[in-house]
Amino acid sequence: MKILLAPAETKRSGGDLSEISKNSFIFEELYEKRLEIITQYEELLKRNSIEELSAWFGLKKESEVIRYQESVLEKPGMKAIQRYTGVAFDYLGYDDLNEKEKNYCDTNVLLFSNLFGPIQASDIIPDYKFKQGAKLPNTVVEKFYKENFSAALDQYLGEEIIDLRAGFYDKFYTPKSPYVTMKFIKEGKVVSHWAKAYRGIVLKHLALNNIQTTQELMQMNIPNLHVQEIKKIKNKTEIIYTIDT
């Protein structure tokens, strides 16, 4: 089973692993394609002023802009699943999992980086800043990765896929095999921001229970979540959960 997950805007700085290279990523044969985007990103960092980068990054503090102005090719690396620190990752609590549970995440989770494209949770990435939907001068990044990585993803993902990404990341990849998505309802309304928390909670319980199939997922008990409805549209199965109040 493979699990698709969105990245986070916030990240840990530093790292104790080497700088990125071809060996840092899944799909080594496509590293040159990743490098096309990385090179455009590096050129943007060099060409733009602090003020221009502040607007592009969406950051106000000059110290934060300077943090991300440094070349990503020269920064230390960290496992991707540990680099991201957003809501979903906080609720996953990767660092508190045991080795078997961590290995489950490392091998089954694919993240969709706005800079590096589809990466495995165990891939090594540097600290970087690339807002969702941000544009490079010559390339629509999500379209680029969809065109160049979809065939490899189709082959790699197989027939058991759980898609925990936000809708934006369909622009990077749309599964062709049967896949499962989730929606969370509280007091009759679809939750948006807190959906990230519940995606993290779901991923944590997938790891805790070593879930390998969609059938096992359907039978899995998640505290405070109850299946309200299951919808099937073509190759997508949507599980609608109600959240206990």
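Now for a look at the structure at hand.

With that out of the way, let us pick up the overall build of the chain. Per the secondary structure count, the chain includes nine helices and ten strands. If you line up the chain on its principal axes, its C-alpha atoms span 50 × 40 × 35 Å. For the chain, buried positions account for 51% of its 245 residues. Across the chain, contacts joining residues at least 24 apart in sequence account for 68% of those joining residues at least 6 apart.

On to the environment of Val202. Turning to its location among the elements, Val202 is positioned in helix H8 (residues 195-208). With 192 residues separating them along the chain, Val202 and Thr10 place their C-alpha atoms 20 Å apart. In this view, Val202 contacts Leu164, Met182, Phe184, Met220, Ile222 and Leu225; residues no more than four positions away in its chain are not counted.

What follows is about the packing of aromatic side chains. Under the definition given, this model contains 21 aromatic pairs. Ring centres 5.1 Å apart and planes at 85° place the aromatic pair Phe168 and Tyr169 in the edge-to-face group. Judged by its relative accessible area of 16%, Phe168 falls in the buried class. The class of Tyr169 is buried, set by a relative accessible area of 3%. In this structure, Arg165 is placed above the aromatic ring of Phe112, and the distance from its NZ or CZ to the ring centre is 4.6 Å.

The tendency in soluble globular proteins is for nonpolar side chains to be buried side by side. Counting 81 residues, the largest nonpolar core has Phe184, Leu206 and Leu217 as the members making the most contacts within it. Leave out the neighbours within four places in its chain, and Phe184 touches Lys189, Val190, Val191, Ala195, Tyr198, Arg199, Val202, Leu225, Tyr241 and Ile243.

When the local axis directions of helix H7 (residues 141-157) are compared, the greatest deviation, roughly 55°, occurs at Phe149. Those residues of H7 that are buried lie in contact with strand S1 (2-5), helix H1 (31-47), strand S3 (109-113), strand S4 (117-120) and strand S6 (161-163). Directly after H7, the chain includes Gly158, whose backbone phi takes a positive value near 75°.

Bringing H1 into the picture now. When the terminal C-alpha atoms of H1 are compared, their 24 Å separation across 17 residues agrees well with the 24 Å that a helix rising 1.5 Å per residue should span. Looking at H1, one finds that the buried residues are Tyr31, Arg34, Ile37, Ile38, Gln40, Tyr41, Glu42, Leu44 and Leu45. Those residues of H1 that are buried are in contact with helix H2 (50-57), helix H3 (62-69), S4 and H7.

Within the element layout of this structure, His205 appears in helix H8. On the accessibility criterion, His205 (16% relative accessible area) is buried. At 3.0 Å, the side chain of His205 forms a polar contact with the backbone oxygen of Ile201. Other than its neighbours up to four places away in sequence, His205 contacts Ile211, Met220, Asn221, Ile222 and Pro223.

Moving on, we get to the packing of H1 against H7. It is the contact of H1 with H7, at a shortest axis distance of 11 Å, that shows an interaxial angle of 170°. By the criterion of interaxial angle, the relationship of H1 to H7 is roughly antiparallel. Along the contact surface, H1 presents Lys33, Arg34, Glu36 and Ile37, while H7 presents Val141, Phe144, Tyr145, Asn148 and Phe149. Of the residues contributing to the contact of H1 with H7, the split by class is five nonpolar, one polar and three charged.

Turning to unusual backbone geometry, a few remarks are in order. Despite not being glycine, Glu187 shows a phi value in the positive range, around 50°. A positive phi angle is found at Lys234, which is not glycine, with a value near 55°. Position of Lys234 among the secondary structure elements: in the loop between strand S9 (225-233) and strand S10 (236-243). Judged by its relative accessible area of 86%, Lys234 falls in the exposed class.

Conventions adopted
- Residues numbered from 1 in each chain as written.
- Predicted model: local features only at pLDDT ≥ 70, side-chain atom pairs only at ≥ 80, totals over all residues.
- Heavy atoms only, no water.
- Helix = DSSP H or I, 4+ residues; strand = E, 2+ residues; numbered from the N terminus.
- Buried < 20%, exposed > 50% of the residue type's maximum accessible area, 1.4 Å probe, protein only.
- Contact = heavy atoms within 4.5 Å.
- Phe/Tyr/Trp six-rings, centres within 6.5 Å; stacked < 30°, edge-to-face > 60°.
- Lys NZ or Arg CZ within 6 Å of the ring centre and 35° of its normal.
- Core = buried A, V, L, I, M, F, W, Y, C linked by side-chain atoms within 4.5 Å.
- Bend = angle between axes of the 7 residues up to and from the residue.
- Expected span 1.5 Å × (residues − 1).
- Polar contact = N/O pair within 3.5 Å; in protein donor to acceptor, adjacent residues only side chain to side chain.
- Axes fitted to C-alpha atoms, helices over the stretch in contact; angles between N-to-C directions.
- Parallel < 35°, antiparallel > 145°, perpendicular 65-115°, else oblique.
- Nonpolar A, V, L, I, M, F, W, Y, C, P; charged D, E, K, R; others polar.

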